[in-house]
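Results of the structural survey
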Amino acid sequence: MVAYLHQVDRGVRVAALDGIRGVAILLVLLGHVVGFTGAGLVGVLVFFVLSGYLITSVIVRGVNSTGRLDLKRFYVHRALRLLPVLLLVIAFVFALTRLPGSGVDLGDTVTGAWQGLAYVTDFSLALTQSFSPQLAHLWSLAVEEHFYLVWPLVMGLLLRRSQLQRRRALVMLISAAMLMRLATVVIGRSLGWFFYAMPTVWFECLLAGGALALLEGQMRPLRGGRPGATLIGTLAAAVLLGAALHPSTYLSTLTYLLGIPVLALATVGIIWAARQAEARAVRRVLEWAPLRWLGDRSYALYLFNSPCILVSTSLLGHNAGARLAGGTVAVVISMLTLRFVERPALGLKARFDRSRATPSSADVLTA
């Protein structure tokens, strides 16, 4: 699913942020395997906010290090990070069309493949319902790609402004995104759209993460120190968990009208707490090794879990055991993908940077 970003802070990996990614993919799996659809929604939303935060941090630190916005480097890094695993999952689904009883249709897969590679699955799913079931989850990658195309250019303008002008611009951008979300939900309901997949529903989540990255250096220390930071992280986690486990979160229109900004703010709270030395209890939970392990493999696991679970239920029946079997296969594939696809791609990014003589210090939070 949502883009994985390798995080480093002054050369040290930020373990708590890996843990947040682990929580997000765990929620997605809870939705797909166990059937808690609200957990899937919350997991995707957490991915969006975290992605906005990390992408913005990459851009800011790159500009601070080199004095310029290197768009070529940014987009090459994005392509090397996203495309290898995306191509692999599409090839995997095509291979499944040859498996008797898989339920994977070749015509649907062709449709889903070109939509995924063109990053238009979000619009196709929302407006036409013409998609491949095994590749429909690529809508979230399309949402992020739309953001990637526009946000670096906006950042180039924002970073030339004063802090006050920057804050005002962020308020205006997030307000506009909120209005787009409300309009999308209202119009989508009246026209019968599957508005859940529309990028205009989710842009404010990406912007919320971006705003945190831009403003966190200007935030004053929290009064109350450790208890205050821990309390914010704990309350934010409670809000996210409550929404994830509520049976009507995914289907309720109220979620899309009012719930999304609340959940985005809660995710911002979790990310902020994860970055505070005072919030030791929050960091300890997020740095738990199994969560970090899942976080490392979250991109491939997101991309492969849907096709694996759908094929497994087609072969073994629509039951919890079949879904669990499909999820387990996806975990194994994600382990292999990390070793043989994702890590070699990271090496290609390093070679690209060396060929351009780009200072490694610009990659404090690298994509």
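First things first, this report covers the structure right here in the doc. (Residues numbered from 1 in each chain as written. Predicted model: local features only at pLDDT ≥ 70, side-chain atom pairs only at ≥ 80, totals over all residues. Heavy atoms only, no water.)

**Side note on the packing of aromatic side chains**
The final tally for this structure, using the stated rule, is 14 aromatic pairs. Aromatic pair F92 and F304: ring centres 5.3 Å apart, planes at 70°, arrangement edge-to-face. One end of the pair, F92, is in helix 3 (residues 71–96); the other, F304, is in helix 13 (residues 298–316), and 212 residues separate them in sequence. The partly exposed category is assigned to F92, whose relative accessible area is 23%. You can call F304 buried: its relative accessible area is 1%. Every member of this aromatic cluster is reached through a ring pair, and the members are F48, W139, F194, F195, Y196, W202, Y250 and Y256. A cation sits over an aromatic face here: R78 above Y148, 5.2 Å from the ring centre. (Phe/Tyr/Trp six-rings, centres within 6.5 Å; stacked < 30°, edge-to-face > 60°. Helix = DSSP H or I, 4+ residues; strand = E, 2+ residues; numbered from the N terminus. Buried < 20%, exposed > 50% of the residue type's maximum accessible area, 1.4 Å probe, protein only. Lys NZ or Arg CZ within 6 Å of the ring centre and 35° of its normal.)

**What to know about the nonpolar core**
Counting 97 residues, the largest nonpolar core has W139, W151 and W202 as the members making the most contacts within it. For this core, the element with the highest residue contribution is helix 2 (residues 37–66), accounting for 16 residues. Discounting chain neighbours no more than four positions away, the residues touching W202 are L41, L45, F48, W139, V143, Y196 and I260. (Core = buried A, V, L, I, M, F, W, Y, C linked by side-chain atoms within 4.5 Å. Contact = heavy atoms within 4.5 Å.)

**Examining a nonpolar patch on the surface**
Nonpolar side chains collect at one region of the surface, where V34, F36, L241 and L245 lie side by side and expose about 350 Å² of accessible area between them. Mapped onto the secondary structure, V34 falls in helix 1 (residues 15–34). (Patch = residues over 30% accessible without salt bridge, like charges linked within 9 Å, V, L, I, M, F, W, Y side chains within 5 Å. Areas by Shrake-Rupley, 256 points an atom, 1.4 Å probe, with all protein chains shown as cover. Salt bridge = Lys/Arg side-chain N within 4 Å of Asp/Glu carboxyl O.)

**With respect to unusual backbone geometry**
For Y119, which is not a glycine, the phi torsion comes out positive at approximately 55°. Within the secondary structure, Y119 sits in the loop between helix 4 (106–118) and helix 5 (121–128).

**Description of the packing of helix 1 against helix 10 (residues 253–274)**
Contact geometry for helix 1 and helix 10: axes closest at 9 Å, N-to-C directions at 150°. For the element pair helix 1 / helix 10, the angle class is roughly antiparallel. As for how helix 1 packs across helix 10, the hand of that crossing is right-handed. Where helix 1 approaches helix 10, its residues A16, L17 and I20 are matched on the opposing element by I270, I271 and A274. Within the contact of helix 1 with helix 10, the residues separate by chemical class into six nonpolar, no polar and no charged. (Axes fitted to C-alpha atoms, helices over the stretch in contact; angles between N-to-C directions. Parallel < 35°, antiparallel > 145°, perpendicular 65-115°, else oblique. Left-handed = near helix turned anticlockwise from the far one by under 90°. Nonpolar A, V, L, I, M, F, W, Y, C, P; charged D, E, K, R; others polar.)

**Quick word on the environment of D108**
Checked against the element boundaries, D108 lands in helix 4. Owing to a relative accessible area of 31%, D108 belongs among the partly exposed residues under this scheme. Through-space distance from the C-alpha of D108 to that of P133 is 7.8 Å; in sequence the pair is 25 residues apart. Apart from residues no more than four positions distant in its own chain, D108 is found in contact with F131, S132 and P133.

Note that all results are geometric; they support no functional claim without further evidence.
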